Each structure stands twice: as structure tokens, then as C-alpha cells.
Amino acid sequence: MKPAAFDYVAPGTVDEAVAALAGAGERASILAGGQSLILEMHYRRARPDLVVDINRVRGLDRLRVDGGALHAGALVRHEAFEAFESPRVAPGPLGRLLSLVVVNIAHPPIRALGTMAGSLAWAHPAAEWCAVAVALDAGIELRGPGGTRVVGAGDYFHGPHRTARLPQEMITAVRLPLLDDVTGVAFAEHRRTHASFAQLAAVVTLTVLDGVITEARVGLANAADRPVRAHAAERSLVGSSPLDDDLFGRAGRIAAERDAAPIARPYADVEYQRQVIAVLVGRALRQAYADHGGARR
Ligand SMILES: Cc1cc2nc3c(=O)[nH]c(=O)nc-3n(C[C@H](O)[C@H](O)[C@H](O)COP(=O)(O)OP(=O)(O)OC[C@H]3O[C@@H](n4cnc5c(N)ncnc54)[C@H](O)[C@@H]3O)c2cc1C
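Predicted, not measured: the structure shown is a model, and the values here were computed from it.

> Quick question: what am I supposed to make of the nonpolar core here?
In a soluble, globular protein the nonpolar side chains are often hidden away together inside. Within the largest apolar cluster, 60 residues are counted, with the highest numbers of intra-cluster contacts made by Ile54, Phe81, Leu98, Leu120, Trp129, Phe157 and Leu176. If you tally residues by element for this core, the top one is helix α6 (residues 128–136), at eight residues. When neighbours within four sequence positions are excluded, leucine 176 is seen to be in contact with Ala69, Leu70, Leu94, Leu98, Met116, Val132, Leu136 and Ala138. Of all hydrophobic cores here, the second largest spans 34 residues; its members include Ala255, Val281, Ala284 and Leu285.

> Please clarify how helix α1 (residues 14–24) should be interpreted in this entry.
Turn by turn, an α-helix covers 3.6 residues, leaving residues three or four places apart pointing in a common direction. Considered for burial, the residues of α1 that qualify are Val14, Ala17, Val18, Ala20, Leu21 and Ala24. Take α1 and look down its axis: the buried residues cluster within an arc of 160°, on one side only. Turned more than 90 degrees off the buried face of α1, the exposed positions are Asp15 and Gly23. As for α1, its buried residues are in contact with β1 (7–9), β2 (28–31), β3 (50–53), β6 (139–144) and β10 (170–177). Glycine 25 sits one or two positions beyond α1 and adopts a positive phi of about 55°.

> What exactly am I supposed to notice about helix α10 (residues 270–292) here?
If you check α10, its first and last C-alpha atoms are 32 Å apart, about what 23 residues at 1.5 Å a residue would give, namely 33 Å. Capping the start of α10 is the job of one residue whose side-chain oxygen sits 3.4 Å from the backbone nitrogen of glutamate 271: aspartate 269. Trailing α10 by a residue or two, glycine 293 shows a phi angle of about 120°, which is positive.

> It is not clear to me how the environment of arginine 45 should be interpreted in this structure. Could you clarify?
For arginine 45, the location among the structural elements is in the loop between α2 (37–43) and β3. A relative accessible area of 58% places arginine 45 in the exposed class. Put simply, arginine 45 and proline 3 are 42 residues apart on the chain and 9.3 Å apart in space, counted from C-alpha to C-alpha. A polar contact is formed between the side chain of arginine 45 and the side chain of glutamate 40, at a distance of 2.9 Å.

> Looking at this model, I keep getting lost on the sheet that holds strand β12 (residues 200–209). Mind explaining?
Sheet strands pair by backbone hydrogen bonding; their relative direction is either parallel or antiparallel. Across the sheet, which stays open at both edges, the four strands sit in the order β11-β12-β13-β14 with antiparallel pairing between neighbours. Across the chains shown, the open sheet's two edge strands, defined by having one partner strand only, are β11 (183–190) and β14 (228–229). Its contacts with the sheet put helix α3 (residues 92–102) on β11 and β12, and the angle it makes with β11 is roughly 10°. Each of β11, β12, β13 (212–221) and β14 is contacted by α6, which is oriented at about 150° to β13, the strand it contacts most.

> Please explain the pattern of salt bridges as it appears in this structure.
Pairing of side chains with opposite charge becomes possible as their charged atoms draw close. Evaluation of the coordinates by the stated rule reveals 13 salt bridges. With a closest N to O distance of 2.6 Å, glutamate 234 and arginine 229 form a salt bridge. Under the relative-accessibility criterion, glutamate 234 is labelled buried at 6%. For arginine 229, a relative accessible area of 22% gives the class partly exposed.

> For this particular structure, what's the right way to read the packing of helix α9 (residues 247–259) against α10?
Two measures define how a pair of helices packs: the angle their axes make with one another and the distance between the axes. Following both chains from N to C, one finds α9 and α10 inclined at 140°, their axes separated by 7 Å at the closest point. Taken as axis vectors, α9 and α10 run oblique relative to one another. Crossing angle aside, the handedness with which α9 passes α10 is right-handed. Contact with α9, carried on its side by Phe248, Gly249, Ala251, Gly252, Arg253, Ala255, Ala256 and Glu257, involves Arg274, Ile277, Ala278, Val281, Gly282, Leu285, Arg286 and Tyr289 of α10 and no other residues of that element. A class-by-class count of the residues in the contact of α9 with α10 yields nine nonpolar, three polar and four charged.

> Whenever I open this one, the pairing of β13 confuses me. Can you help?
Along a regular strand, successive side chains alternate from one face of the sheet to the other. With seven of its 10 residues buried, β13 lies for the most part within the structure. Bridge count between β12 and β13: nine bridges; the pairing is antiparallel. The residue of β13 that forms the bridge with leucine 209 is valine 212. Following β12, the chain reverses through two residues before pairing antiparallel with β13; aspartate 210 in that reversal takes a positive phi of roughly 50°. Counting the residues between successive antiparallel strands, the hairpin from β13 to β14 contains six residues, one of them, asparagine 222, with a positive phi of roughly 65°.

> Help me understand the site of the ligand in this model?
Taken together, the neighbourhood of the ligand is formed by 29 residues, with Ile30, Gly34, Leu37, Thr115 and Glu128 sitting nearest. In this structure, an oxygen atom belonging to the ligand sits 2.6 Å away from a main-chain N or O atom of isoleucine 30. Breaking the shell around the ligand down by element, the ones donating at least two residues are β2, α5 (116–122) and β10. The residue makeup of the shell around the ligand, split by class, is 15 nonpolar, 12 polar and two charged.

> Got a minute to help me understand the sheet that holds β2 in this structure?
Strand order across the open sheet formed by three strands is β1-β3-β2, with parallel pairing between neighbours. Strands at the two margins of the open sheet, each flanked by one partner only, are β1 and β2. The average angle at which neighbouring strand axes cross in this sheet is 25°, direction not considered. One ladder, built from four bridges, connects β2 with β3; its direction is parallel. Each bridged residue has a counterpart across the sheet, and for isoleucine 30 the counterpart in β3 is valine 52. α1 rests against β1, β2 and β3 of the sheet, and its axis sits at about 170° to β3.

Conventions we followed
Residues numbered from 1 in each chain as written. Predicted model: local features only at pLDDT ≥ 70, side-chain atom pairs only at ≥ 80, totals over all residues. Heavy atoms only, no water. Core = buried A, V, L, I, M, F, W, Y, C linked by side-chain atoms within 4.5 Å. Buried < 20%, exposed > 50% of the residue type's maximum accessible area, 1.4 Å probe, protein only. Helix = DSSP H or I, 4+ residues; strand = E, 2+ residues; numbered from the N terminus. Contact = heavy atoms within 4.5 Å. Arc of directions from axis to C-beta. Expected span 1.5 Å × (residues − 1). Polar contact = N/O pair within 3.5 Å; in protein donor to acceptor, adjacent residues only side chain to side chain. Pairing = 2+ DSSP bridges. Axes fitted to C-alpha atoms, helices over the stretch in contact; angles between N-to-C directions. Salt bridge = Lys/Arg side-chain N within 4 Å of Asp/Glu carboxyl O. Parallel < 35°, antiparallel > 145°, perpendicular 65-115°, else oblique. Left-handed = near helix turned anticlockwise from the far one by under 90°. Nonpolar A, V, L, I, M, F, W, Y, C, P; charged D, E, K, R; others polar. Near = heavy atom within 4 Å.

Printed below as a string of C-alpha cells:
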């Protein structure tokens, strides 16, 4: 099917883009990479009256480190995060985590166009970047007619494709906190084919000092109607030795039973999904510990 008729503007600045959105409100959609929007328009599930194409807005394609965070502008494409540990992406464990995650998103042509900000705006519960955002408590920078505000990922996701973003606001950047050098990172995903959306996925960071876990972050994709931060699993880890018997397996089961709220799918009932979540979280925690240096420290 072809999209329904729509008007099109291609502003050159963020202010012009925000003014265009303010004029049309809920009837306008921003076009970033187009890897979700164009599909939705073809299916006519999205029928914007106005498409605001931000691809000519200068400066939005910048990745920069500032104030302890990586700022990814709204036009930074998925593929920008592929360079393993490249200082151009982000130093240390954060860069490593982003490069581990990104190769799980779709396939190269989609990663060349799709954006991290677009993914957070689209807020698909299975999206890998959304799980990363909740795990790291990323800040989502929103610009509207009244100025800029930053919403933490914990308050940002309200449900499938529903967020704290107001119709007249655009995401200008995503702020990801840098992780310190003693943090191990890992990602584990279960999916049907290489380029499929995640059926379930776990993002993990683990900080260990003097043989004790001082911080654990666990984010889950597709384990509820929105990305989930597995707080109960995290609490079960902090203060323990990573060498404690079955610590990681137990945390996986806690994430599955207490943090996740899986939705029955045609391909997997809730019980099966809980089993997969437990396995993925346990596996990612073991990998994060190995990434951190494991028994060497
Ligand atoms: C075959 C296929 C497989 C895919 N597999 C995966 C996958 O495995 N994992 C995954 O996470 N994604 C997957 N995707 C989606 C892909 O990652 C998209 O790129 C992403 O969801 C949206 O980013 P975009 O830049 O293309 O946004 P667009 O498609 O341009 O926009 C998506 C939505 O977000 C809004 N929007 C975009 N940017 C902004 C902004 N700056 N401010 C406010 N609103 C904005 C748009 O108005 C629209 O509603 C897949 C897509 C396809 C076609």
C-alpha cells in the first residue's frame, strides 16, 4: 500500500523543526531514519498530515562526551556504535556495551539509516536501545516550544509506543552515562533469525570492587509492555561476592519472577518466557563478570 497523502517540510534548524511540530501537534510526525515510520505509513497505521524531515538539521549527527555522559544527537545512526571500543564512540565499558548491542539491531542497511533517538521515540518494547536506556538510566533530551527538558529513561516509557514525549516535542539527544573502568558489560538476546526483533533480551553491567559487587544494572527487552529495569534482581546482587554459589542464576530467576511481566505471545507462553529471561540474565551476568576481568580481580 502507499501512504495516505501528507505535507512535507525539511527544516534546517531544531527551532524550525519544533515550530513545525507546534503548528501541527499530534498530526505531525518527525522523520529521522524512516525505518519504522515509513513502514507504518505504508501500512497506513500512521497517517500524519505533516512529515517533519529532520535529516537536514545541522549538528544533530554529533556524538560527543560531555559532563560524564555520551551525548548522541537525534541523527546519530545505529551503525555509528559499531566501532568496537572506538574512542570516537565512547571510552571504556560504555563504548564496549553499545558496540555489543548494536549488531543485534536489524541488519546493516537498516542500521545505516535508523537512529538511536528514533528508536527511543518509537518505543517498541523489544527495541535493544530502549533496554539499554532503562539499564543505564539514560537521559532523553526533549525540545519543545517552551525549551529543553531531560527525562530519565525510568520515567520516559509508558507502554508500547507510548512515552513521556509530548506531541510538540522532539528528541534532540540521548545522554548515556559513562561507565567506570571496573565495570563489566554484556548483552544476551533470544530471537528467531539474525535480523529479527528480540523475543527477549538482557543488558547487564556489573561493577566489582575488592571482590564485592558494588553496582549491578539489568535492563530487559520485550519482557513486559515496555522496557524493564530489573531492580529486584539488581538488589539481590549488590553486596555479594560474584563467586557466591549460583548468585547469577538466582538473580536471573528473580528478574524473571519479580521484575518481568511477560505478555503471552503466539510463539511463547508466559512461563516459557520467564524461563528464557532467567537464562539470559544469568548468562549476561556471567559474561559481564568475565568482561570485568572475573577472578583476576
Ligand atoms: C526489517 C526491520 C527490522 C528491524 N529490526 C529491529 C531490531 O531488531 N531492533 C530494533 O530496535 N529496531 C529494529 N527495527 C527498527 C529500527 O531500529 C528503526 O530504525 C528504529 O525503530 C526507528 O528509528 P528511525 O530513526 O528509523 O525512526 P523513524 O522511522 O524515522 O521514526 C520512528 C518514530 O519515531 C519518531 N521520531 C523519530 N525521531 C524522532 C525524534 N528525534 N524526536 C521525536 N520523534 C522522533 C517518528 O515520528 C516516528 O513516530 C527494524 C526495522 C525494520 C524495517
